[in-house]
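Chain residues, written in single-letter form:
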Amino acid sequence: MIKVAVLWIRDGVLVDRMHINPVAFAFTVWMFSAPQKRANTTLAELITFGFEKSGLSCADKIRLYNEQCYELVEDIAAAATYYNFLATEAARTESFFTGAPELLRDLETNGVANFITSAVEQEVLDAWLKGQQGSQIAASLIEILGARKGFSKGRDHFEYVFRSLGVDKIFYIADAAAEIYTARQYADEYGIVPVGFANVITLDRVFDAVSLVSRASASSAGPSVPFPMPLSEIQVEEAAVSVPEGPEIVNALRAAGADTVITGDPELMMQNLRNYFEQGPLNF
């Protein structure tokens, strides 16, 4: 019987694309907001909000922005559908963190059950798993868990893994403080060990994402949008974008309840996580 499971966040832990998601969120909100309402925000403000609410689905981020800042988007479901296209299209050139597929393979070989847990809709994740990128790790996964009716990231996914496999312990590898906080809330109930993955996103990478998302938004392959963004409006002031720095990320993950926080250069993060597993709790 499998006694240990690892739940992985796809975006930001397995795949190095967390610079893209907040930008795709910002573009989506902008393109689904009536032009007269756009004066109440900026792309830079929306990008910053996207980073601040990392770990939530696009739809939940939009709801929070509508409630906390200014009601910009009426058709949240349509906006979320477009976001899925935009983020996927922009991230096609992004890759796994160095060593991620190999670590999943070695964990699986040693009897560990690997799952991906995500707030993204199940059908979007299923398509990704069958594609060029997802197929690289499909054989090392028990299942990819996304958002379904009555089944979402957090307690539902924890319950499913804990009950269906009868595991003793679940390692939850997450890069967002909100995700770590949720895992800590259910740690005793489901034997969860929250592990923070403190990947640092620089402003240069954010503006790389702006270019990628801009090109993706110009594609005619995606769903139609009510208020397309003229290229002349794609202006993001660098000084107005706020991204968390290294110490801030580490402190936030620890404060949220991480048992340990994995740090380091992006090229070494997965090796550092491997070291944590090999030298500590799993000893494989």
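Our subject is the structure listed above.
Read on for a plain summary of the structure. (Residues numbered from 1 in each chain as written. Predicted model: local features only at pLDDT ≥ 70, side-chain atom pairs only at ≥ 80, totals over all residues. Heavy atoms only, no water.)

Observations regarding the packing of aromatic side chains
Working step 1: For the coordinates displayed, the defined rule picks out 14 aromatic pairs.
Working step 2: Residues Phe-49 and Tyr-65 carry aromatic rings whose centres are separated by 5.0 Å and whose planes lie at 90 degrees to one another, so their mutual orientation is edge-to-face. In this pair, Phe-49 is assigned in helix H2 (residues 43-52) and Tyr-65 in helix H3 (residues 58-68), connecting sequence segments 16 residues apart.
Working step 3: A network of ring pairs unites the aromatic residues Phe-158, Phe-162, Tyr-172, Tyr-186 and Tyr-190 as a single cluster. (Phe/Tyr/Trp six-rings, centres within 6.5 Å; stacked < 30°, edge-to-face > 60°. Helix = DSSP H or I, 4+ residues; strand = E, 2+ residues; numbered from the N terminus.)

As for helix H5 (residues 100-109)
Working step 1: Taken as a whole, H5 has its buried residues at Ala-100, Pro-101, Leu-103, Leu-104, Asp-106 and Leu-107.
Working step 2: Gly-111 lies just past H5 and shows a positive phi near 90 degrees. (Buried < 20%, exposed > 50% of the residue type's maximum accessible area, 1.4 Å probe, protein only.)

Quick look at the pattern of salt bridges
Working step 1: Across all of its chains, the model carries 14 salt bridges by this definition.
Working step 2: Residues Arg-17 and Asp-11 are paired through a salt bridge, measuring 3.4 Å at the closest nitrogen-oxygen approach. The exposure classification of Arg-17 matches that of Asp-11, with both residues buried.
Working step 3: Residues Arg-184 and Asp-259 are paired through a salt bridge, measuring 2.2 Å at the closest nitrogen-oxygen approach. Here Asp-259 lies in the loop between helix H11 (246-256) and strand S6 (260-262) and Arg-184 lies in helix H8 (residues 177-185), a separation of 75 residues in the sequence.
Working step 4: Assessed through its relative accessible area of 31%, Arg-184 is described here as partly exposed.
Working step 5: It is possible to trace a salt-bridge network through shared partners that takes in Arg-105, Asp-106, Arg-274 and Glu-278. (Salt bridge = Lys/Arg side-chain N within 4 Å of Asp/Glu carboxyl O.)

Notes on the side chain of Asp-106
Working step 1: Relative to the elements of secondary structure, Asp-106 occurs in helix H5.
Working step 2: A distance of 3.2 Å separates a polar atom in the side chain of Asp-106 from a polar atom in the side chain of Arg-105. (Polar contact = N/O pair within 3.5 Å; in protein donor to acceptor, adjacent residues only side chain to side chain.)

Structural notes on the packing of H5 against helix H12 (residues 269-279)
Working step 1: At their nearest, the axes of H5 and H12 sit 9 Å apart, and the two run at 20 degrees to each other. With respect to H12, the axis of H5 lies roughly parallel. Crossing geometry of H5 relative to H12 is assigned as left-handed. Together, Ala-100, Glu-102, Leu-103, Asp-106 and Leu-107 of H5 and Met-270, Leu-273, Arg-274 and Phe-277 of H12 make up the contact between the two elements.
Working step 2: Class assignment of the residues belonging to the contact of H5 with H12 gives a composition of six nonpolar, no polar and three charged. (Axes fitted to C-alpha atoms, helices over the stretch in contact; angles between N-to-C directions. Parallel < 35°, antiparallel > 145°, perpendicular 65-115°, else oblique. Left-handed = near helix turned anticlockwise from the far one by under 90°. Contact = heavy atoms within 4.5 Å. Nonpolar A, V, L, I, M, F, W, Y, C, P; charged D, E, K, R; others polar.)

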